[in-house]
Amino acid sequence: MKSNVCVLGAGRMGSSIVRTLLDQGYPTSVWNRTAAKSEPLAALGAKVAASVEDGVGAAEVVIVNVLDYAASKTLLRSDNVASALSGKAIIQLTSGSPRLAREEARWVEARGAGYLDGAIMATPDFVGKPETTLLYSGSREVYDRYKPLLLALGGGTSYVGEVPGQASALDTALLTQMWGGLFGTLQGMAVAEAEGLDLLTFRGHLAAFKPVVDAALFDVVDRTKAHRFAGDEATLASLGAHYSAFRHLLEACEERGLSAAMPRAMDQIFQKALSLGSGTDDFASLFPLFQNGSVRQERKPAHA
Ligand code: NAD
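None of the values given here were measured: they were computed from a predicted structure.

Arg12, Met13, Asn32, Leu67 and Ser95 are the nearest of the 19 residues found near the ligand. Asparagine 65 is positioned with one of its side-chain polar atoms (N or O) 3.1 Å from an oxygen atom of the ligand. At 2.9 Å, a backbone N or O of leucine 67 approaches an oxygen atom of the ligand. In the complex, the protein chains occlude 77% of the 830 Å² of accessible area that the ligand would expose alone. The cavity where the ligand resides is the second largest pocket.

This is the structure we're talking about:
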């Protein structure tokens, strides 16, 4: 027997969640601030809840997917709704920070409900696909009990840990990596275009270069995990070699009048590390600068 689910929020993502649950045979009710957004879902078989309180009261599992945590709080914090939460599983799929997730977990659990905080690593069109990842942290018990339902939303669903903010932290970490790549792509296009290259040429070579870049990304994680910051025979490119190539980017920006805001920020990081350490170190040796602005303690003297 599939659990009754109530989805609070029928925006782009919430609607996709409701459609997926209905497709998978879950009895699903939906509530949205603007009732008209629930109508297409009602046509597919969703029950439209007259109020948040009604929707929550009739459900075993409540999925929240609204714009932000402030919106979510306005829905859950009313006395009537808060007192209806006891014994239910609350799955928060609204994007938020680790702090917000921790606070929400404390508040929900104090009302006698189980809490899972999720991060959706996909756009609405990917919800329900076998390859789609949703990250969860919080109650292991809720995760295990409702795993089939969670897998229905994305086959690549993963439990990150019991600390409620961890799914959100992993989401932010992964997006940080994405923004690095996206900003780098914008800067790279500016350089290519300034020298008369077609952006399709850039695109084609980006695809060819990607396996090399991906290998370097995983290498920097592995070396950091192992604290292998000094250059060694397995180092792919030393800090000095990176910096020597990087200076061409600064020169290209200057010569062609391109914005160099991002390269200048990167230059400061390179220069700080090189002034304190050695150009023979591995690229991973920059990591402590991102933790607390210092360099690793065990660094060799610059002349070594
Ligand atoms: P959307 O703008 O399409 O929908 C937002 C929903 O929030 C609407 O249903 C709206 O009625 C509701 N809402 C806003 N303010 C409210 C309030 N004060 N009280 C009650 N309801 C309120 O946005 P979306 O794309 O569906 O995103 C919803 C959540 O999912 C966000 O937290 C977003 O970050 C997250 N998310 C979205 C995507 C995506 O690709 N769209 C991907 C991952 C995560």
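What follows concerns the layout of surface pockets. Looking at the largest pocket, its volume works out to about 2500 Å³. Lining the largest pocket are 45 residues, and of these Gly180, Val213, Leu217, Met266 and Phe283 lie nearest its centre. For the lining of the largest pocket, the elements supplying multiple residues, two or more each, are helix 9 (166-194), helix 10 (199-225), helix 11 (239-256), helix 12 (261-276) and helix 13 (287-291). No other element matches helix 10, which puts 16 residues into the lining of the largest pocket. Looking at side-chain class alone, the lining of the largest pocket contains 31 nonpolar, 10 polar and 4 charged residues. In this model, the second largest pocket occupies a volume close to 730 Å³. Along the wall of the second largest pocket there are 29 residues; nearest its centre are Gly11, Asn65, Val66, Leu67 and Thr94.

Conventions and cut-offs
Residues numbered from 1 in each chain as written. Predicted model: local features only at pLDDT ≥ 70, side-chain atom pairs only at ≥ 80, totals over all residues. Heavy atoms only, no water. Near = heavy atom within 4 Å. Polar contact = N/O pair within 3.5 Å; in protein donor to acceptor, adjacent residues only side chain to side chain. Areas by Shrake-Rupley, 256 points an atom, 1.4 Å probe, with all protein chains shown as cover. 1 Å grid on protein atoms, 1.4 Å probe; cavity = no way out; pocket = protein on both sides within 12 Å on 5 of 7 lines; lining within 4 Å. Sits in = over half its atoms within 2 Å of the grid points. Points joined across faces, edges and corners; volume = space filled by probe spheres on them. Helix = DSSP H or I, 4+ residues; strand = E, 2+ residues; numbered from the N terminus. Nonpolar A, V, L, I, M, F, W, Y, C, P; charged D, E, K, R; others polar.

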